[in-house]
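The residues making up each chain are set out below.
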Amino acid sequence: MTTVHDQREAAPESQSGSALLEWFDRGDPRLVRGPFTRWPRTTDAALAVIVFGLMLVSVTVSELADGEDFTAAAVGDRGAGVFVLLAVAAGALWWRRSSPLVVTAFVLAVMVVWAVAGYGDGHELALAVAIYSVGRYCTDHRQSLIAVAAAFAVSVLGSIIDTSQRVDVWPAILFTALPWYVGRRVRNRGDYVALLRERGERLEAEQQARAQAAVVAERARIARELH
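Residues numbered from 1 in each chain as written. Predicted model: local features only at pLDDT ≥ 70, side-chain atom pairs only at ≥ 80, totals over all residues. Heavy atoms only, no water.

Caption draft 1: Representation of the overall build of the protein chain. Along the backbone of the protein chain there are 10 helices and zero strands. When the helices and strands of the protein chain are listed from N to C terminus, the series reads α-α-α-α-α-α-α-α-α-α. Residues counted as buried form 30% of the 227 residues belonging to the protein chain. Long-range pairs, those at least 24 residues apart, make up 75% of the contacts in the protein chain between residues at least 6 apart in sequence. With an accessible surface of roughly 13900 Å², the protein chain has 62% of that area assigned to carbon and sulfur atoms. (Helix = DSSP H or I, 4+ residues; strand = E, 2+ residues; numbered from the N terminus. Buried < 20%, exposed > 50% of the residue type's maximum accessible area, 1.4 Å probe, protein only. Contact = heavy atoms within 4.5 Å. Areas by Shrake-Rupley, 256 points an atom, 1.4 Å probe, with all protein chains shown as cover.)

Caption draft 2: Region of the structure containing the pattern of salt bridges. Taken as a whole and assessed by the stated rule, the structure comprises two salt bridges. One salt bridge connects Arg96 with Asp44, and the closest N-O pair in it is separated by 3.0 Å. You can see Arg96 sitting in the loop between helix H5 (80-91) and helix H6 (100-117) and its partner Asp44 sitting in helix H3 (residues 40-63), a full 52 residues away along the chain. By relative accessible area, which is 3% here, Arg96 ends up buried. For Asp44, a relative accessible area of 1% gives the class buried. Beyond isolated ion pairs, a larger network of salt bridges with shared partners links Asp44, Arg96 and Arg97. (Salt bridge = Lys/Arg side-chain N within 4 Å of Asp/Glu carboxyl O.)

Caption draft 3: A look at the packing of H5 against H6. Their axes nearest at 9 Å, the elements H5 and H6 cross at an angle of 165°. As summarised for this structure, H5 and H6 are arranged roughly antiparallel, according to the angle between their axes. For the pair H5 and H6, the crossing hand works out as left-handed. Between H5 and H6, the residues in contact are Val82, Leu85, Leu86, Val88 and Ala89 and Phe106, Val107, Val110, Val113 and Trp114, respectively. Within the contact of H5 with H6, the residues separate by chemical class into 10 nonpolar, no polar and no charged. (Axes fitted to C-alpha atoms, helices over the stretch in contact; angles between N-to-C directions. Parallel < 35°, antiparallel > 145°, perpendicular 65-115°, else oblique. Left-handed = near helix turned anticlockwise from the far one by under 90°. Nonpolar A, V, L, I, M, F, W, Y, C, P; charged D, E, K, R; others polar.)

Caption draft 4: Geometry of the confidence of the model for the protein chain. A residue-level look at the protein chain finds 78% of positions with pLDDT of 70 or above and a mean pLDDT of 78. Long-range and interchain partners of residues 1-14, a stretch whose pLDDT sits below 50, account for 10 contacts in this model, where long-range means more than four residues apart. Residue range residues 23-32 is modelled with pLDDT below 50. Its contacts to residues more than four positions away, or to other chains, number 12 contacts. (pLDDT = per-residue confidence, 0-100.)

Caption draft 5: Examining the nonpolar core more closely. In terms of nonpolar packing, the biggest core is built from 31 residues, with Val51, Leu86, Val107 and Leu127 touching the most fellow members. Counting residues per element, the ones that place at least two in this core are H3, H5, H6, helix H7 (125-137) and helix H8 (141-161). Look past the residues within four positions of Val51 in its chain and what remains in contact with it is Ala90, Leu93, Leu125, Ala126 and Val129. (Core = buried A, V, L, I, M, F, W, Y, C linked by side-chain atoms within 4.5 Å.)

Caption draft 6: Summary view of H5. The end-to-end C-alpha separation of H5 is 16 Å, in line with the 16 Å expected for 12 residues at 1.5 Å each. Residues of H5 that are buried include every one of Val82, Leu85, Leu86, Ala89 and Ala90, and no others. Projected down its long axis, H5 shows its buried positions confined to an angular sector of 125°, all on one face. Buried residues along H5 sit in contact with H3, H6 and H7. (Expected span 1.5 Å × (residues − 1). Arc of directions from axis to C-beta.)

Caption draft 7: Up close: the packing of aromatic side chains. Within this structure, the stated rule accounts for two aromatic pairs. Where Trp114 meets Tyr119, the ring centres are 5.1 Å apart and the plane angle is 70°; that geometry is what we call edge-to-face. The aromatic ring of Trp94 is capped on one face by Arg41, whose charged end is 4.3 Å from the ring centroid. (Phe/Tyr/Trp six-rings, centres within 6.5 Å; stacked < 30°, edge-to-face > 60°. Lys NZ or Arg CZ within 6 Å of the ring centre and 35° of its normal.)

Caption draft 8: Looking closely at a nonpolar patch on the surface. Where nonpolar side chains cluster on the molecular surface, the patch consists of Val112, Val116, Leu157, Ile160 and Ile161 and spans about 420 Å² of accessible area. Here the nonpolar patch gets three residues from one element, more than from any other, and that element is H8. Within the element layout of this structure, Ile160 appears in helix H8. On the basis of relative accessible area, Ile160 is assigned to the exposed category, the value being 52%. (Patch = residues over 30% accessible without salt bridge, like charges linked within 9 Å, V, L, I, M, F, W, Y side chains within 5 Å.)

Caption draft 9: Summary view of the packing of H3 against H5. Where H3 meets H5, the axes come as close as 8 Å, and the angle between the chain directions of the two elements is 145°. The handedness of the crossing between H3 and H5 comes out as right-handed. Side by side, H3 and H5 meet where Ala48, Val51, Phe52, Met55, Leu56 and Val59 of the first sit next to Val82, Phe83, Leu86, Ala87, Ala90 and Gly91 of the second. Partitioning the contact of H3 with H5 into residue classes produces 11 nonpolar, one polar and no charged.

Below, the structure written as structure tokens:
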């Protein structure tokens, strides 16, 4: 039989559960409506195209002489190898969610070939996106750290192989450790939200079970009084 004291004890838990569910309702639109969540393949394909374009512009700008204007002709003057390597590195990002470590290794291999060919600076954006994806989607924390270390090493090694590049440690950190950290923070936040959602659903189920139990107890009490 449910007493008034029991109902008072259950009230705070029910209120906290309701407040938690209301918090989820306010947060759901931000989690669901994002294009990267709704259309992952389409947005990743668009991302690959954008990254390719930005890297092509960056490579072209880095090769311009002092006072030379950026033009479409300057972009077209890049060699066929530049277009191929940039397209391959950017295209690999289409698989960044399902195979972030493989994509990162592939992009690093492209960077080594790029350095050996001596194509210069401006090609690091694909690596930054790949490393972000490692932090965001890689489930093994140790493997993700190894990927970051490998990316940093290849970035520095590439600048040593290609004498036309500057050997800068801070840019290497900028395009490796920082994207990984951001991706990891996003992943941790997603896991935290999922945990809160699960807890909210569990509290709601417990609240419904208590309500049903109270109804059953009340019916039993009425039946006993009638008899």
